[in-house]
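Residue-level structural notes
Listed below, chain by chain, are the residues.
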Amino acid sequence: MAVTFSDLHTEEGVKSVEEHLAGKTYISGDQLSVDDVKVYAAVPAKPSDAFPNASKWYECVASHLAKSFPGKAVGVQIGGSAAAAPAVEAEAPAAAADDDDDIDLFGDETEEEKKAAEEREAAKKDTKKPKESGKSSVLMDVKPWDDETDMKKLEEAVRAVEMPGLLWGASKLVPVGYGIKKLTIMLTIVDDLVSPDNLIEDFLTSEPNNEYIQSCDIVAFNKI
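The present account deals with the structure reproduced in this document.

Basis of the calculations
- Residues numbered from 1 in each chain as written.
- Predicted model: local features only at pLDDT ≥ 70, side-chain atom pairs only at ≥ 80, totals over all residues.
- Heavy atoms only, no water.
- Axes fitted to C-alpha atoms, helices over the stretch in contact; angles between N-to-C directions.
- Helix = DSSP H or I, 4+ residues; strand = E, 2+ residues; numbered from the N terminus.
- Parallel < 35°, antiparallel > 145°, perpendicular 65-115°, else oblique.
- Contact = heavy atoms within 4.5 Å.
- Nonpolar A, V, L, I, M, F, W, Y, C, P; charged D, E, K, R; others polar.
- Core = buried A, V, L, I, M, F, W, Y, C linked by side-chain atoms within 4.5 Å.
- Buried < 20%, exposed > 50% of the residue type's maximum accessible area, 1.4 Å probe, protein only.
- Salt bridge = Lys/Arg side-chain N within 4 Å of Asp/Glu carboxyl O.
- Pairing = 2+ DSSP bridges.
- Expected span 1.5 Å × (residues − 1).
- Arc of directions from axis to C-beta.

**A word on the packing of helix H2 (residues 34–42) against helix H3 (residues 52–68)**
To describe two helices that pack against each other, one gives the angle between their axes and the distance between the axes. Interaxial distance between H2 and H3 falls to 10 Å at its minimum, and their mutual angle equals 110 degrees. By the angle between their axes, H2 is roughly perpendicular relative to H3. Contacts from Asp36, Val37, Val39 and Tyr40 of H2 reach H3 at Trp57, Tyr58, Val61, Ala62 and Leu65. Grouping the amino acids of the contact of H2 with H3 by side-chain chemistry returns eight nonpolar, no polar and one charged.

Here it is in structure tokens:
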């Protein structure tokens with residue numbers, strides 16, 4: 001529904017703004033808009049303390065405008081003379097003069113306003129989309145019991161562990177001494193689905209994999 005203010009140069013007109021601003025900070029919405037500027041331009045001076053809502057709003061708009069127009073203002077008064085007015089204007093119906101004080105807050109949107117509205121709608125849709133869970137890259141050392149452990153079967157046991165959010169990557173055997181080698185392997189996990197600690201305790205070092213795997217260590221852990 002369109003909101004219209006009339007005769008804002010009169011006390012009655014300012015009263016209508018006062019009532020409209022009850023419980024509000026701005027004329028439309030929760031941010032300063034072109035509606036506020038339109039109404040501000042039509043109010044000739046800061047409303048008195050008898051209109052606390054309108055007075056506070058007027059100061060707020062004035063403050064924003066001062067930031068946008070930093071030049072020094074000396075004050076301007078705009079007047080008119082009936083004698084200087086063209087004859088055609090003198091013959092115009094009184095209703096035409098009244099239109100000057102009528103402010104339609106729901107006129108045609110500018111391109112900037114349309115673009116801003118589209119961006120707000122797009123932002124709302126984005127917040128409704130489920131957020132993708134983060135991923136991490138993990139470097140793990142898998143250690144055998146001794147030098148007699150079959151490292152090929154050990155790696156097969158490791159890669160046989162499957163679960164949602166787990167992807168095994170490249171691996172290599174690294175000598176650790178006394179003829180013993182450890183398996184160093186990369187894996188990528190979805191953080192909300194896979195816990196490295198649970199992976200080690202519940203799968204890699206538990207039966208039947210503990211026949212080959214003595215222990216596992218996280219060497220590196222990086223968010224992707």
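**Quick notes on the nonpolar core**
Counting 22 residues, the largest nonpolar core has Met140, Val142, Val158, Leu166, Trp168, Leu199 and Leu204 as the members making the most contacts within it. Counting only elements with at least two residues in this core, the list comes to strand S3 (135–144), helix H7 (151–159), strand S4 (166–177), strand S5 (180–190), helix H8 (196–204) and strand S6 (213–223). Apart from residues lying up to four places away in sequence, Val158 is in contact with Val142, Trp168, Leu183, Ile185, Leu204 and Ile213. Counting 15 residues, the second-largest nonpolar core is a separate cluster that includes Val39, Val43, Phe51 and Tyr58.

**Quick look at the pattern of salt bridges**
Throughout the structure, instances matching the rule amount to five salt bridges. One salt bridge in this structure joins Glu59 and Lys46, with 2.2 Å as the shortest N-O distance. Residue Glu59 is found in helix H3, and its partner Lys46 is found in the loop between H2 and H3; the two are separated by 13 residues along the sequence. For Glu59, a relative accessible area of 42% translates into the label partly exposed.

**Concerning the sheet that holds S3**
Within the open sheet, the four strands sit side by side as S4-S5-S3-S6. Their pairing is antiparallel. On the outer flanks of this sheet lie S4 and S6, each paired with one strand and no other. Between one strand and the next, the sheet's axes are offset by a mean angle of 20 degrees, whatever the strand orientation. Together, S3, S4, S5 and S6 form the strand contacts of H7, whose direction differs from that of S5 by roughly 15 degrees. Where H8 meets the sheet, it contacts S3, S4, S5 and S6, and its direction lies at approximately 160 degrees from that of S6.

**Observations concerning the environment of Lys223**
With respect to the secondary-structure elements, Lys223 resides in strand S6. Given a relative accessible area of 61%, Lys223 falls into the exposed group. A C-alpha to C-alpha distance of 6.1 Å links Lys223 and Lys135, two positions 88 residues apart in sequence. If near-sequence neighbours (up to four positions away) are discounted, Lys223 is found in contact with Lys135, Ser136 and Asp191.

**Regarding the pairing of S5**
Pairing of S3 with S5, which is carried by eight bridges, proceeds in the antiparallel orientation. Paired with Ser136 across the two strands is Ile189, which belongs to S5. Sheet topology places S4 next to S5; nine bridges connect them, and they run antiparallel. Bridge pairing links Leu173 to Leu183 in S5. Where S4 folds back on S5, the antiparallel hairpin that results is connected by two residues, among which Tyr178 adopts a positive phi of roughly 55 degrees.

**Here's the deal with H3**
When the terminal C-alpha atoms of H3 are compared, their 25 Å separation across 17 residues agrees well with the 24 Å that a helix rising 1.5 Å per residue should span. When H3 is considered as a whole, its buried residues turn out to be Ala54, Ser55, Trp57, Tyr58, Val61 and Leu65. Buried residues of H3, viewed axially, fall in a sector of 165 degrees; they line one side. Opposite its buried face, H3 presents the exposed residues Lys56 and Lys67, each directed more than 90 degrees away. Looking at the buried side of H3, the elements it contacts are helix H1 (11–20) and H2.

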